[in-house]
Amino acid sequence: MSLSNHPKAYGSAAIVVAFSAGILVTLGFKDFYPDLERRYQRHRRAVRRRNTNSSTSKDEASRRGSVFWGPPVQLEDHEGSDVAVSDDLAATSQPPPIADGIEGAIGNTPLINIKSLSEATGRVILAKAEFLNGAGQSPKDRVALSMIRTAEEAGLLVPGRGDTIYEGTVGSTGIALTTLARARGYRCHICMPDDMAVEKSDLLHRLGATVERVAVAPITSPAHF
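Quick notes on the rules
Residues numbered from 1 in each chain as written. Predicted model: local features only at pLDDT ≥ 70, side-chain atom pairs only at ≥ 80, totals over all residues. Heavy atoms only, no water. UniProt positions renumbered as here; feature names shortened; annotations may be inferred. Salt bridge = Lys/Arg side-chain N within 4 Å of Asp/Glu carboxyl O. Helix = DSSP H or I, 4+ residues; strand = E, 2+ residues; numbered from the N terminus. Core = buried A, V, L, I, M, F, W, Y, C linked by side-chain atoms within 4.5 Å. Buried < 20%, exposed > 50% of the residue type's maximum accessible area, 1.4 Å probe, protein only. Contact = heavy atoms within 4.5 Å. Expected span 1.5 Å × (residues − 1). pLDDT = per-residue confidence, 0-100. Axes fitted to C-alpha atoms, helices over the stretch in contact; angles between N-to-C directions. Parallel < 35°, antiparallel > 145°, perpendicular 65-115°, else oblique. Left-handed = near helix turned anticlockwise from the far one by under 90°. Nonpolar A, V, L, I, M, F, W, Y, C, P; charged D, E, K, R; others polar. Disulfide = S-S within 2.5 Å.

- In the annotation of an unreviewed UniProt entry, the protein is listed under the name Cysteine synthase and assigned to Verticillium dahliae.
- The Sequence similarities (unreviewed entry) field of the UniProt record for the protein holds the comment "Belongs to the cysteine synthase/cystathionine beta-synthase family."

## Describing the pattern of salt bridges
At step 1: Taken as a whole and assessed by the stated rule, the structure comprises four salt bridges.
At step 2: The partner of Arg 184 in a salt bridge is Glu 152, and the shortest N-O contact between them spans 2.6 Å. One end of the pair, Arg 184, is in helix α7 (residues 172-184); the other, Glu 152, is in helix α6 (residues 140-153), and 32 residues separate them in sequence.
At step 3: Each of Glu 103, Glu 152 and Arg 184 takes part in one network of salt bridges that share partners.

## Quick notes on the nonpolar core
At step 1: The biggest cluster of nonpolar side chains holds 20 residues, and the ones touching the most others in it are Ile 148, Ile 165, Leu 180, Cys 188 and Leu 204.
At step 2: Elements represented by at least two residues in this core include exactly α6, α7 and β4 (187-193).
At step 3: The element best represented in this core is α7, accounting for five residues.
At step 4: For Ile 165, the contacting residues outside a window of four places in its chain are Ile 148, Leu 157, Leu 177, Ala 181, Tyr 186, Arg 187, Cys 188 and His 189.

## Some remarks on α7
At step 1: Over its 13 residues, α7 runs 19 Å from end to end, which matches the ideal 18 Å to within 8%, given 1.5 Å per residue.
At step 2: Positive backbone phi, approximately 90 degrees, marks Gly 185, located one or two places after α7.

## Points about the confidence of the model for the protein
At step 1: Predicted confidence across the protein gives a mean pLDDT of 76, with 64% of residues reaching 70 or more.
At step 2: Under a pLDDT of 50 for its full length, residues 65-69 has, in the predicted model, four contacts with residues more than four places off or in other chains.
At step 3: The low-confidence segment residues 78-86 (pLDDT under 50) makes one contact with residues lying over four places distant or belonging to another chain.

## Some points on the packing of α6 against α7
At step 1: Relative orientation of the contacting elements α6 and α7 amounts to 45 degrees, with a least axis distance of 8 Å. Classified by the angle between their axes, α6 and α7 sit oblique to one another. For the pair α6 and α7, the sense of crossing is right-handed. For the pair α6 and α7, the contacting residues are Lys 140, Asp 141, Ala 144, Leu 145, Met 147, Ile 148 and Glu 152 in the first and Ser 172, Thr 173, Ala 176, Leu 177, Leu 180, Ala 181 and Arg 184 in the second.
At step 2: Tallied by class, residues from the contact of α6 with α7 come to eight nonpolar, two polar and four charged.

## Considerations on the state of the cysteines
At step 1: Overall, the coordinates contain zero disulfides when judged by the stated rule.
At step 2: This cysteine, Cys 188, is not joined by any disulfide, and Cys 191 carries the nearest cysteine sulfur, 10.0 Å off.
At step 3: Residue Cys 188 is classed as buried on the basis of its relative accessible area, which comes to 4%.

As structure tokens, this is what we get:
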């Protein structure tokens, strides 16, 4: 009966042969391959010598630097990319121009890209930042300034003469007019419905206006403010 008819016996015999061969190779490595052993030992000695020489050279260099020349000098690059970046930041962080009075802070408000809406619609959606107007933080600042300039050009208002500006308003235009009137030397008299928030009339008072709260009336009524 041959081993080929018994796969298990054949496999076991192959494992035994391989294991025995491994033991023989391991035990007889030095005897079978003496030249490889000598090369390995020479390589180890050479590595140890290089490591020893390297550490000695570093110690000597350190002693020379500390005794004769002081501590080692570290060079720094003051003309690299960091300086260029700093220059760019300085160029883009210049303060805005100084406005000429409160009037100079009205208009020319920036357009702001609304990223979420632009991405959602595939279009560029912009918002006009009218809250950055300097008098009342609203678009009514433009209206108030235009009214005053038109009246001044017509001679109806003269700065410093003690003229009074009268305005019926629910808030925003009155705030802008009061702020500009005070800046240009006018008095301001504001009429507003008595159902408006008290905070608005209080703010107008603090800005220097005379505030008259009147009864609510339809816009077509002669009694409308």
